[in-house]
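Notes for the structure review
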Amino acid sequence: MNARKIELGDADALVLFGATGDLAKKKLFPALYSMAVNDSLQCPVVGVASTKWNHEQFTAHALEAIKVAFPNPDPAILTRLDEELTLVVGNYEDSKLYEDLAAVLKDKQCPVIYLAIPPAFFGNVTQGLAKVGLTERCRLVVEKPFGRDLHSAIALQEVLETVLPEERIYRIDHYLGKESVEDILIFRFANSIWEPLWNHRYINSIQITMAEDFGVEGRGAFYDGVGAIRDVVQNHLLQVLALIAMEPPSDLTSKTMEDEKLKVFRAIAALKPENVVRGQYVGYLDEAGVAPGSTTETYAAATMFVDNWRWSGVPFYLRTGKNLEETTLEVIIEFKQPPRLLFAEGQEGAANLLRFRLGKSDGVDIELQAKSPGDHLKTEPVKLTVNFSAALGERQEAYERLLRAAMAGDHKRFTHIDSVLETWRIVEGVINNEPHLSPYFKGTWGPERADELPHHGWLEL
């Protein structure tokens, strides 16, 4: 059966598989509330779950999740959401579930169906939707990870494309919904002062860090089957790398943007174990749900090169981990030092640094050299800082933006299958080999071995 291409308009229903799960509770219901506040939720919301709740239990759960995220919600908005929410209960492998869902959606022309469920269910669910005709008129949103490796991603795509064309599949990487991550594009391509410097002639290295100061938080059973490389490197960090390294797109359409990112991924060689450090924090094996003797990494650092004209010889250092010293998401661009250090007598020269802060307190820091006080001509670093939220106002949350984009049929903030397969190719040689794990203690920056990856260590600004 080949997927039929049809033109769809704005969504007239939003269906959430896994509506009683953790993702819906922490991210999706708060996003729905924000959309309702902004008057961008103009359709009913249908939850689908195997949890045997009635309507009152389901809506109470959803409204409680909203109150955690928004301590003083608008009562009128809550009442409206309570009226819009519906729950369909059943087993994902039972055909009756899909018949019941089709009955609820019988008058809808363009439902958006969001699979906030483990990837192992994606194939069965899409086949169930197809049997009742829903894939003929829906957009399908799938959570990461898309597969566990290159082989499983290809197999999953083959299942999906039998019932849906690529343009109606929306693969989530919530980093692409972050306004702070999109700031990279604006910073690079809306400010002409950077473009002449954005290449191997002026940049010495690039470091990308996504660190968390907490552990698996009761999700040991899930995390133990994933690990840091699958959970963060293959998707989040490589997507950020692509935005840093890509060529200027000719326009902002999803296809053009995807084409430029794809060129970056294709220029990155498959990782080799000697270019990767994997670690596991002391105490991980005592976490609930973690298998005895587990070799799942909770930390990963890697060196990559984008082998093209612009970035020839420039190392990209990526790292991520749990239970590290602090929670941060940042990119640090290290520029090359001047060819002659006129003012460095008796002191080491220091490179200019540019840092993108992509987390909660998003913004940009630039470290320059200035004259230190006194009669001598010596330098010391000074930092220029801009906080975007303070300057421009609060940002919208990623899931609100992603839901709105999927409902409008905008692919720009979602990943295409070609990029997904390329990023799996990049990490394939590492995730499927037996890892050498370096232990590290909670509250540190990970294994000491990882400090040897960058030439001058991990930079701070």
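Everything quoted here is computed from the prediction, not taken from an experiment. (Residues numbered from 1 in each chain as written. Predicted model: local features only at pLDDT ≥ 70, side-chain atom pairs only at ≥ 80, totals over all residues. Heavy atoms only, no water.)

**Topic: the sheet that holds strand β9 (residues 299-305)**
The criterion, for reference: Paired strands, as defined in this entry, are two strands with at least two bridges between them according to DSSP. Runs of H or I in DSSP of at least four residues are treated as helices and runs of E of at least two as strands, each being numbered from the N terminus. In this analysis an axis means a line fitted to C-alpha atoms, helices contributing only their contacting stretch, and an angle means the value between N-to-C directions, from 0 to 180 degrees.
The strand order β14-β13-β12-β11-β7-β10-β9-β8-β15 describes an open sheet built from nine strands, whose pairing is mixed. Two strands in the sheet have a free side with no partner beyond their single neighbour: β14 (379-387) and β15 (437-440). Each neighbouring strand pair of the sheet contributes to a mean axis angle of 20°, computed without reference to strand direction. As defined by bridge partners, β9 adjoins strand β10 (residues 315-321) across seven bridges and the pair is classed as antiparallel. Note on β10: the bridge partner recorded for Phe 305 is Pro 315.

**A few points about helix α12 (residues 398-408)**
An α-helical turn contains 3.6 residues, so a residue and the one three or four places further along point in the same direction. Short version of the rule: Throughout this description, buried means an accessible area under 20% of the type-specific maximum (1.4 Å probe, protein chains only), exposed means over 50%, and partly exposed covers the range between. It only takes one pair of heavy atoms within 4.5 Å for two residues to be counted as in contact.
The element α12 is extensively covered by neighbouring structure, given that nine of its eleven residues are classed as buried. The complete set of buried residues in α12 reads Ala 398, Tyr 399, Glu 400, Arg 401, Leu 402, Leu 403, Ala 405, Ala 406 and Met 407. Those residues of α12 that are buried are in contact with β1 (13-17), α1 (22-37), β4 (111-115), β5 (139-142), β6 (169-171) and α7 (179-189).

**Notes on the pattern of salt bridges**
So the rule is basically this: Between Lys or Arg on one side and Asp or Glu on the other, a salt bridge is scored when a side-chain nitrogen of the former is within 4 Å of a carboxyl oxygen of the latter.
In total, this model carries 21 salt bridges according to the counting rule given. With a closest N to O distance of 2.7 Å, Arg 171 and Glu 166 form a salt bridge. Here Arg 171 falls in the buried class, since its relative accessible area comes to 2%. Relative accessible area serves as the criterion here: at 18%, Glu 166 is assigned to the buried category. Of the charged contacts, one joins Lys 322 and Glu 212 as a salt bridge, the two residues approaching to 2.6 Å between their closest N and O atoms. Here Glu 212 lies in the loop between β7 (203-211) and α8 (220-223) and Lys 322 lies in the loop between β10 and β11 (328-335), a separation of 110 residues in the sequence. The pair Lys 322 / Glu 212 is uniform in exposure class, with both members buried. Linked by salt bridges that have partners in common, Glu 330, Arg 355, Arg 357 and Asp 365 make up one network.

**Regarding unusual backbone geometry**
The omega torsion of the bond from Lys 144 to Pro 145 falls at -5°, within 30 degrees of zero and hence cis. For Pro 145, the location among the structural elements is in the loop between β5 and α6 (150-161). In the Ramachandran plot, Asp 39 falls in the positive-phi region, its phi being about 60° despite a non-glycine side chain. Mapped onto the elements of the fold, Asp 39 is located in the loop between α1 and β2 (45-49). The residue Glu 217 is not glycine, and still its phi comes out positive at about 50°. Along the chain, Glu 217 falls in the loop between β7 and α8.

**Re the sheet that holds β2**
The parallel open sheet is built from six strands, whose spatial order is β3-β2-β1-β4-β5-β6. Strands at the two margins of the open sheet, each flanked by one partner only, are β3 (85-89) and β6. Neighbouring strand axes in the sheet, compared pairwise and without regard to direction, differ in orientation by 20° on average. Of the pairings in the sheet, the one linking β1 to β2 comprises four bridges and is parallel in character. Paired with Leu 16 across the two strands is Gly 47, which belongs to β2.

**Section: helix α10 (residues 254-266)**
The following threshold applies: Given the number of residues in a helix, its expected span is that number minus one, multiplied by 1.5 Å.
Its 13 residues place the ends of α10 18 Å apart at the C-alpha level, agreeing with the 18 Å of an ideal helix rising 1.5 Å per residue. Buried residues of α10: Thr 256, Met 257, Glu 258, Glu 260, Lys 261, Leu 262, Val 264 and Phe 265, and no others. Where α10 is buried, its residues touch α7, α9 (227-245) and α13 (417-431).

**A few points about the nonpolar core**
As a reminder of what qualifies: Throughout, nonpolar core names a set of buried Ala, Val, Leu, Ile, Met, Phe, Trp, Tyr and Cys residues whose side chains join them through atoms within 4.5 Å.
If you look at the biggest cluster of nonpolar residues, it comprises 99 residues, and the most contacted ones within it are Phe 17, Leu 101, Leu 241, Met 304, Phe 316, Ile 333 and Phe 356. Examining the composition of this core, we find that twelve residues originate from one element, α9, more than from any other. The residues touching Phe 316, leaving out its near neighbours within four places in the chain, are Ile 206, Leu 241, Ile 244, Ala 245, Ala 302, Thr 303, Met 304, Val 306 and Trp 311.

**What about the packing of α9 against α13?**
What counts here: Roughly parallel covers angles under 35 degrees, roughly antiparallel covers those over 145, roughly perpendicular covers 65 to 115, and oblique covers all other angles. Note on convention: the crossing is left-handed when the near helix lies turned anticlockwise from the far helix by less than a right angle, right-handed when the turn is clockwise. Each residue receives one of three labels: charged for Asp, Glu, Lys and Arg, nonpolar for Ala, Val, Leu, Ile, Met, Phe, Trp, Tyr, Cys and Pro, and polar for the others, Gly being one of them.
Across the interface, α9 lies against α13 with an axial gap of 10 Å and an inter-helix angle of 140°. Between α9 and α13, the angle falls in the class oblique. For the pair α9 and α13, the crossing hand works out as right-handed. On α13, the residues that touch Ile 229, Arg 230, Val 233, Gln 234 and Leu 238 of α9 are Val 420, Thr 423, Trp 424, Ile 426, Val 427, Val 430 and Ile 431. Within the contact of α9 with α13, the residues separate by chemical class into nine nonpolar, two polar and one charged.

**A word on the environment of Val 132**
With respect to the helices and strands, the residue Val 132 is situated in the loop between α5 (122-131) and β5. Placed 34 residues apart in sequence, Val 132 and Tyr 98 show a C-alpha to C-alpha distance of 6.6 Å. Not counting the four nearest positions on each side in its chain, Val 132 is found in contact with Tyr 98, Glu 99 and Ala 102.

**Comments concerning the packing of aromatic side chains**
What counts here: Stacked, edge-to-face and tilted are the three classes for Phe, Tyr and Trp ring pairs, Trp counted by its six-membered ring, which pair at centre distances within 6.5 Å; planes under 30 degrees apart are stacked, over 60 edge-to-face, the rest tilted.
Applying the stated criterion across every chain yields a total of 16 aromatic pairs. Ring geometry for Phe 17 versus Tyr 92: centroids 5.7 Å apart, planes at 50°, classification tilted. Of the two residues, Phe 17 is situated in strand β1 and Tyr 92 in the loop between β3 and α4 (95-104); the sequence distance between them amounts to 75 residues. Overall, Tyr 92 belongs to the buried group, its relative accessible area being 11%. Aromatic side chains Tyr 33 and Phe 70 sit 4.9 Å apart centroid to centroid with 40° between the ring planes, which places their arrangement in the tilted category. One end of the pair, Tyr 33, is in helix α1; the other, Phe 70, is in the loop between α2 (55-69) and α3 (75-84), and 37 residues separate them in sequence. Looking at Tyr 33, the relative accessible area reads 7%, which means it is buried. Three or more aromatic residues joined by ring pairs make a cluster, and in this case those are Phe 187, Trp 194, Trp 198, Phe 335 and Phe 356.

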